[in-house]
Amino acid sequence: MTSYIIEADGGSRGNPGPAGYGAVVKDASDGQVLAEAAEAIGVTTNNVAEYRGLIAGLQAALRLGGEGASVAVRMDSKLVVEQMAGRWKIKNEGLRPLAMEAGSLVRRLRVTEWTWIPRERNKHADRLANEAMDAAAKGLTWKAGGTTEPGAPGAAPARSGALEDSEASRASGVSRAERPAPKASGATARSAAVAPPGVAQQTDLLDAGSAISEISAPTASIAAAQQRTGKGTGWRPPTRVATSLLLLRHGETELSLERRFSGRGDVELTPNGLAQAAAAAERLSREPYRPDAIISSPLERARQTAQAVAQRTGLDVEVDEDLRELDFGAWEGHTFTEVQRRWPAELTAWLADPETAPPGGESFASAARRVQAAGERLIERYEGKTILAVSHVTPIKILLRLALMAPLESLYRMHLDLACLSLIEYYADGPAVVKSFNDTGHLRRG
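Residues numbered from 1 in each chain as written. Predicted model: local features only at pLDDT ≥ 70, side-chain atom pairs only at ≥ 80, totals over all residues. Heavy atoms only, no water.

**Thoughts on the side chain of glutamate 36**
Inclusion rule: Strands are runs of DSSP state E lasting at least 2 residues, helices are runs of H or I lasting at least 4, and numbering of each runs from the N terminus. For the exposure calls, accessible area comes from a 1.4 Å probe over protein chains only, and a residue counts as buried if that area is under 20% of its type's maximum, exposed if over 50%, partly exposed in between. Asp and Glu count as negative and Lys and Arg as positive, but His and the ends of the chain are not part of the count. Here, a salt bridge means any Lys or Arg side-chain nitrogen found within 4 Å of an Asp or Glu carboxyl oxygen. What qualifies as a polar contact is a pair of N or O atoms within 3.5 Å, subject to a donor-acceptor requirement within protein and to the restriction that residues adjacent in sequence count only when both atoms come from side chains.
The residue glutamate 36 is located in strand S3 (residues 33–44) in this model. Buried charge without a partner: glutamate 36 forms no salt bridge, and the closest opposite charge is arginine 127, 4.1 Å away. Polar contacts involving the side chain of glutamate 36 include one to the side chain of histidine 124, which spans 2.7 Å.

**What to know about the nonpolar core**
Generally speaking, soluble globular proteins have nonpolar side chains that are buried together. Selection rule: Side-chain atoms within 4.5 Å are what join buried Ala, Val, Leu, Ile, Met, Phe, Trp, Tyr and Cys residues into a set we call a nonpolar core. Whether two residues are in contact is decided by their heavy atoms, any of which lying within 4.5 Å being enough.
Membership of the largest hydrophobic core comes to 39 residues, with the highest contact counts inside it found for Ile6, Tyr51, Leu54, Leu58, Val73 and Met84. Mapped by element, the contributors of at least two residues to this core are strand S1 (3–12), strand S2 (17–27), S3, helix H1 (46–65), strand S4 (70–75), helix H2 (78–84) and helix H3 (96–106). Looking at which element gives the most residues to this core, the answer is H1, with 10 residues. Dropping the residues within four chain positions of it, leucine 54 is found in contact with Ala8, Val73, Met75, Val80, Met84, Ala102 and Trp114.

**Quick look at the sheet that holds strand S12 (residues 433–439)**
The condition is simple: Any two strands are treated as partners once DSSP identifies two or more bridges connecting them. The axes used here are C-alpha line fits, helices contributing only the stretch in contact, and every angle between their N-to-C directions lies in the interval 0 to 180 degrees.
What the six strands build is an open sheet, ordered S9-S8-S10-S7-S11-S12; its pairing is mixed. Whereas interior strands pair on both sides, the edge strands pair on one side only; in this sheet they are strand S9 (317–319) and S12. Averaged over all neighbouring strand pairs, the angle between strand axes comes to 20 degrees, with direction disregarded. In the sheet, strand S11 (residues 421–426) pairs with S12 via four bridges, with the strands oriented antiparallel. Its bridge partner lying in S12, glutamate 425 is registered against valine 433. Packing against the sheet, helix H9 (residues 271–284) makes contact with strand S7 (243–249), strand S10 (386–391), S11 and S12, and its axis sits at approximately 160 degrees to S7.

**With respect to the confidence of the model for the protein**
This is how the line gets drawn: The quantity called pLDDT is the predictor's confidence in a given residue, expressed from 0 to 100.
Per-residue pLDDT for the protein has a mean of 79; in total, 77% of the residues score no lower than 70. The secondary structure element of the protein with the lowest average pLDDT is helix H6 (residues 208–211), at 24, and the one with the highest is S10, at 97. In the model, residues 146–240 has pLDDT below 50 throughout and makes 234 contacts with residues more than four positions away in sequence or in other chains.

**Topic: the environment of methionine 100**
Tracing the backbone shows methionine 100 in helix H3. Sequence separation between methionine 100 and glutamine 372 is 272 residues; the distance between their C-alpha atoms is 9.4 Å. If we skip the residues at most four places from it in the chain, methionine 100 touches Gln372 and Glu376.

**Quick look at H9**
Since the α-helix advances by 3.6 residues per turn, residues separated by three or four positions end up pointing in the same direction. To keep it simple, the criterion reads: Here the expected length of a helix is defined as 1.5 Å per residue gap, with one fewer gap than residues. The arc in question is formed by the directions pointing from the helix axis toward the C-beta atoms.
Its 14 residues give H9 an end-to-end C-alpha distance of 20 Å, which sits within 8% of 20 Å, the value for a rise of 1.5 Å per residue. For H9, the set of buried residues is Gly273, Gln276, Ala277, Ala280, Ala281, Arg283 and Leu284. Down the axis, H9 shows its buried residues gathered within 160 degrees of arc, on one side only. Contact partners of the buried residues in H9: S7, helix H10 (300–313), S10, S11 and S12.

**A word on the pairing of S4**
Of all six residues making up S4, five are buried, and the element is well covered by its neighbours. Strand direction decides the pairing type here: S1 and S4, joined by six bridges, are parallel. Each residue of the ladder has a partner; that of tyrosine 4, found in S4, is valine 71. Pairing of S4 with strand S5 (residues 110–116) involves six bridges; the strand directions are parallel. When the sheet's bridge partners are listed, alanine 72 is paired in S5 with glutamate 113.

**Focus: the pairing of S1**
Looking down a regular strand, the side chains alternate between one sheet face and the other. Burial runs high along S1: nine of the 10 residues are buried. Where S1 meets S2, nine bridges bridge the pair, whose relative direction is antiparallel. Of the residues in S2, the one forming a bridge with glutamate 7 is valine 24. Linkage of S1 to S2, two consecutive antiparallel strands, is achieved through a turn of four residues, within which glycine 14 is found at a positive phi near 140 degrees.

**Description of helix H14 (residues 393–403)**
Within H14, 11 of the 11 residues are buried, leaving the element largely enclosed by the surrounding structure. Within H14, the full set of buried residues consists of Val393, Thr394, Pro395, Ile396, Lys397, Ile398, Leu399, Leu400, Arg401, Leu402 and Ala403. Among the structural elements, S7, helix H13 (364–381), S10, S11 and S12 are those in contact with the buried residues of H14. One or two steps after H14, the chain reaches methionine 405, where phi turns positive at roughly 55 degrees.

Now the structure itself:
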């Protein structure tokens, strides 16, 4: 069975600045180059570009070797290597979606090593990244085999290492002065042409203006600025078919009606809750909402709500244990006032720190880990489709805050009504976008 080596790189000329990535996949037995990938991805940072290079390399290896292929990853980005190996924490929330995307690909392969290599041993990937950026600067698109000669004059201004140094130094305790000098490189985005050397796969460039309506707000603002200044070359829209995650909170229960802590307790919907579920089902049975799959929390109130949608759409309901509500432990069934009187110190601590759990219960931080895992599974399994996840306040807030790259503390600043609908769209070559939040239009009576 063939084993593969991935070498990847990415860089930004300005950090942030015009960026690109390069990746090469080799046969581990003889070093033969089997695939190359490179792309210029507009304005972004070194770290983003390096993650994009890794993602492109993993995708290429998956195409070559299929599920379970044996892969060794080698990069000169200490940050990416250590984070993907699980030895460093990801402190920059902006990198977390990229790490999640890379992680979903890693789970489909068998990665045998994560190795940092000095940049002089990563010249192939570095060259590809610079070729892609040089091509974009000339209004061209990189193709396998190269559109510019390697080492052309002015091809590779040294990139700034400020962002990588700051986070990597914090994670490792190594000062910038002790680390290798920043490299002259470049690389970014994803979905690059991937082909054996010499086989051209041309990808059309798109003017920034035509892409603005289809990319996320931060990217769109940059694209708009480039268009105004006449520097739109190199921008492309993200994947046009998003993976849509509809998030539906369950309908009313006796505990929610009385404003009591309702976590793992398996209460049923009230008659009004059933009516709310039916109203949501009617809305979700029509375009543009109609889901391809329905996933529910295992708790009865969520399953009843999901079943109402299933009856209108003809779909089956799948259950995911990780979509269950937070375990409130000793506070289950109590009102906020009752908890405040009986557990004042514990409540104060819980409201101040998402790492703190109710007595005998579960912290927000712990719940976030399982909910994030559930979200990753759904996005990977139903790529390009519309998923309806029927759940509870806490899991829905967690998925929304992950999409917004917000801290855990943001959970204290969100409100979700009963039977409300929220929508997140995930693009393979862009960030998640929250399209709607706490939408209860289907509950209003005309």
